[in-house]
Amino acid sequence: MHIDKKDIASHNDKYIKQHHKNFEYLSSTLEDEGLSVKKIVKELVDYQVAIPSWALSTGGTRFGRFPGEGEPVTFEQKLDDIGLLHAINASSGAVSMHIPWDIPKEPKKVKKQAEELGIKFDAVNSNTFQDQPDQKHSYKFGSLCHTDKSVRKQAVEHNIEVIEVGKIVGSKSLTVWLADGSGFPGQQHFAKSFDRTLDSLKDIYKHLPDDWMMFTEHKPFEPAFYSSVVQDWGSSLLLANKLGKKAACLVDLGHHLPNANIEQIVSRLIQEDKLGGFHFNDSKYSDDDLTVGSLRPYQLFLIFNELVEGAGKDLSKTDWGWMIDAAHNIKDPLEDLLQSVEAIKIAYAQAMLVDRKALEKAQEANDAVRAQEILQHAYRTDVRPLLAEARILAGAAIQPISYYRDANCRKNLINERK
Ligand code: AFD
Ligand code: MN
Ligand code: MN
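To start, this report covers the structure provided alongside it.

This next bit is on the overall build of the chain. Helix and strand content of the chain: 15 helices and ten strands. Relative to the globule expectation of 22 Å for 418 residues, the C-alpha radius of gyration of the chain, 22 Å, shows essentially globular dimensions. Seen through its principal axes, the chain has C-alpha atoms that stretch 65 × 65 × 40 Å. Burial statistics for the chain: of 418 residues in total, 44% are counted as buried. Sequence-distant contacts, at least 24 apart, represent 79% of the contacts inside the chain between residues at least 6 apart.

Quick look at the structure:
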């Protein structure tokens, strides 16, 4: 579905008066506090969040899937969906591919299609957690950690192929998430399986182009219910340190045990120069993969607060990766993604408001009350007019969800894809 700039403009006409009112009030308040609204809005224009190719259709659970209509089937259709999101919010200008789910038949054509939609290629993801129909060895008992050398070799070769696909489309990073682990105590030798994983990763690392990064994504459990080989950020950091400069850790917000202090993990990784990127989602229990900000927006803000503090520059200018990793069982995936991108940018905008000098002073004085006041003053600011202003400047919609609904986007996709 193609979106006409004129349609966006007439949508914006409906909301512009109210927007000006909100924006002027907020701007003058923030300027009085010594902030540069222009700088913040400019950064909100630049900051982009990648969309994973696997999040554009209904995911389902292991109990069932209730597919929606008009869902994309081919990779080209998935790209079109991301193009649609990007036309509406001007904030989703990147795609993360999953191999082999997304092997493009004509990579050059796909690259051109993405360019026309203003979409870049973010990290490529390998898949050694499933057996493919034409595959020689099974990953039932692991991939990079497997006791059998030929299974490890197959998994290493797959990752090298993924790098090759990534090179064609212009990706600059590989994300490795492993389902490797054990279901029962005693099943797997902890040290040996870790060493074998490290050796396999070293083989992959050798094939990584100089300007690429390799991210390891930790996860405490599932599908292995007793132990995961890369179970936490400690193991991920060990791997990244042993592999070298081009290796870093990817933090998926859902991949932590309940109540883990993720913002502190983020701070530590930044301190060690080993933060690679993010998979954003939200959860109540663990890897629920729900809409970002739907359950714990304050935690998300605290994470961005550490990011802003640790980066020392605009986040769009860092080489950290930003991606959503969510699944959709109930909502229209595109509406859900619009909500997630909005939640991420809200948390980021709020983090930019934090009075860092005052916070430092409060910390040095051990003034917990003042420190909380400072953080929550930023968090409780309604920054949505800043995001809307950034969207207007970038030619996108003031109210993305309303636009999506008013323009009957899903209906159009259903008709196109019948
Ligand atoms: C799985 C994992 C992980 C990963 C994704 C893509 O839980 O989040 O990023 O697959 O490989 O959902
Ligand atoms: Mn993930
Ligand atoms: Mn996950």
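On to the nonpolar core. Among the nonpolar cores identified, the biggest contains 106 residues, and Ile88, Val95, Cys249, Ile324, Ala347 and Ala349 are the most heavily contacted of them. Element by element, the count of residues in this core is highest for helix 10 (residues 333-353), at twelve residues. Once residues within four sequence positions are removed from consideration, Ile88 is found in contact with Ile3, Leu338, Ala396, Ala397, Pro400, Tyr403 and Tyr404.

This part takes up the pairing of strand 3 (residues 120-125). Burial of strand 3 is extensive: five of the six residues sit out of reach of the surface. Taken together, strand 2 (residues 94-98), helix 4 (residues 107-117) and strand 3 form a β-α-β motif whose crossover is right-handed. With two bridges connecting them, strand 3 and strand 4 (residues 173-177) associate as parallel partners. Bridge pairing links Asn125 to Thr175 in strand 4.

Our focus in this paragraph is the site of ligand 1. By nearness alone, every residue bordering ligand 1 is listed as Asn125, Trp177, Glu217, Lys219, Asp252, His279, Asp287 and Asp325. Taken together, the residues that form the shell around ligand 1 break down as one nonpolar, two polar and five charged.

This brings us to the sheet that holds strand 8 (residues 247-252). One open sheet holds the eight strands; their spatial order is 1-2-3-4-6-8-9-10, and the pairing between them is parallel. Two strands close off the open sheet at either side, each with one partner strand: strand 1 (51-52) and strand 10 (321-324). Against the sheet, helix 7 (residues 233-243) touches strand 6 (213-217) and strand 8, its axis set at about 160° to strand 8. In the packing of helix 8 (residues 262-271) onto the sheet, contacts are made with strand 8 and strand 9 (275-280), and the angle to strand 8 comes to roughly 170°.

What follows concerns the packing of helix 6 (residues 190-206) against helix 7. At a minimum axis distance of 10 Å, the contact between helix 6 and helix 7 shows a crossing angle of 45°. Our classification of the angle between helix 6 and helix 7 gives oblique. Remark: the crossing between helix 6 and helix 7 carries right-handed chirality. Counting all contacts with helix 6, which are made through Leu198, Leu201, Lys202 and Tyr205, the residues of helix 7 involved are Leu239, Lys242 and Leu243. Each residue belonging to the contact of helix 6 with helix 7 can be placed in one class, and the counts come to five nonpolar, no polar and two charged.

Counting through the fold element by element, Ala362 comes out in helix 11 (residues 356-364). For the pair Ala362 and Glu373, spaced eleven residues apart in sequence, the C-alpha to C-alpha distance is 10.0 Å. When near neighbours in sequence (up to four residues on either side) are disregarded, Ala362 contacts Asp367, Arg370, Ala371 and Ile374.

Attention shifts here to the packing of helix 10 against helix 13 (residues 384-393). In contact at an axis separation of 9 Å, helix 10 and helix 13 are set at 115° when each is read in the N-to-C sense. With respect to their mutual orientation, helix 10 and helix 13 come out roughly perpendicular. Note that helix 10 runs across helix 13; the crossing there is right-handed. The residues of helix 13 that touch helix 10, namely those facing Glu342, Lys345, Ile346 and Ala349, are Arg384, Leu386 and Leu387. Class assignment of the residues belonging to the contact of helix 10 with helix 13 gives a composition of four nonpolar, no polar and three charged.

So, about helix 9 (residues 297-311). For helix 9, which comprises 15 residues, the first-to-last C-alpha distance of 21 Å matches the rise-based estimate of 21 Å (1.5 Å per residue) to within 8%. For helix 9, the full list of buried residues reads Leu300, Phe301, Leu302, Ile303, Phe304, Asn305, Glu306 and Leu307.

With that out of the way, let us pick up the pairing of strand 8. Most of strand 8 is tucked away: six of the six residues are buried. Each parallel crossover has a hand, and the one from strand 8 via helix 8 to strand 9 is right-handed.

With 21 residues, helix 5 (residues 149-169) extends 31 Å from end C-alpha to end C-alpha; this agrees with the ideal 30 Å at 1.5 Å per step. Those residues of helix 5 that sit buried are Val151, Arg152, Ala155, Val156, His158, Asn159, Val162, Ile163 and Gly166. All buried residues of helix 5 lie within an arc of 155° about the axis, which places them on one face of the element. Facing away from the buried side of helix 5 by over 90 degrees, the exposed positions are Lys149 and Ser150. Next to the buried residues of helix 5 lie strand 3, strand 4 and helix 6. Where helix 5 ends, the next residue or the one after it, Gly170, has phi of about 100°, a positive value.

About the criteria used
Residues numbered from 1 in each chain as written. Chains lettered and ligands numbered in written order. Predicted model: local features only at pLDDT ≥ 70, side-chain atom pairs only at ≥ 80, totals over all residues. Helix = DSSP H or I, 4+ residues; strand = E, 2+ residues; numbered from the N terminus. Rg over C-alpha atoms; globule rule 2.2 N^0.38 Å. Buried ≥ 20, exposed ≤ 12 C-beta atoms within 10 Å, placed from the backbone. Contact = placed C-beta atoms within 7 Å. Core = buried A, V, L, I, M, F, W, Y, C linked by C-beta atoms within 7 Å. Right-handed = clockwise from strand over helix to strand, strands pointing away. Pairing = 2+ DSSP bridges. Near = placed C-beta within 6 Å. Nonpolar A, V, L, I, M, F, W, Y, C, P; charged D, E, K, R; others polar. Axes fitted to C-alpha atoms, helices over the stretch in contact; angles between N-to-C directions. Parallel < 35°, antiparallel > 145°, perpendicular 65-115°, else oblique. Left-handed = near helix turned anticlockwise from the far one by under 90°. Expected span 1.5 Å × (residues − 1). Arc of directions from axis to C-beta.

Purely spatial values, then, with no claim about function.
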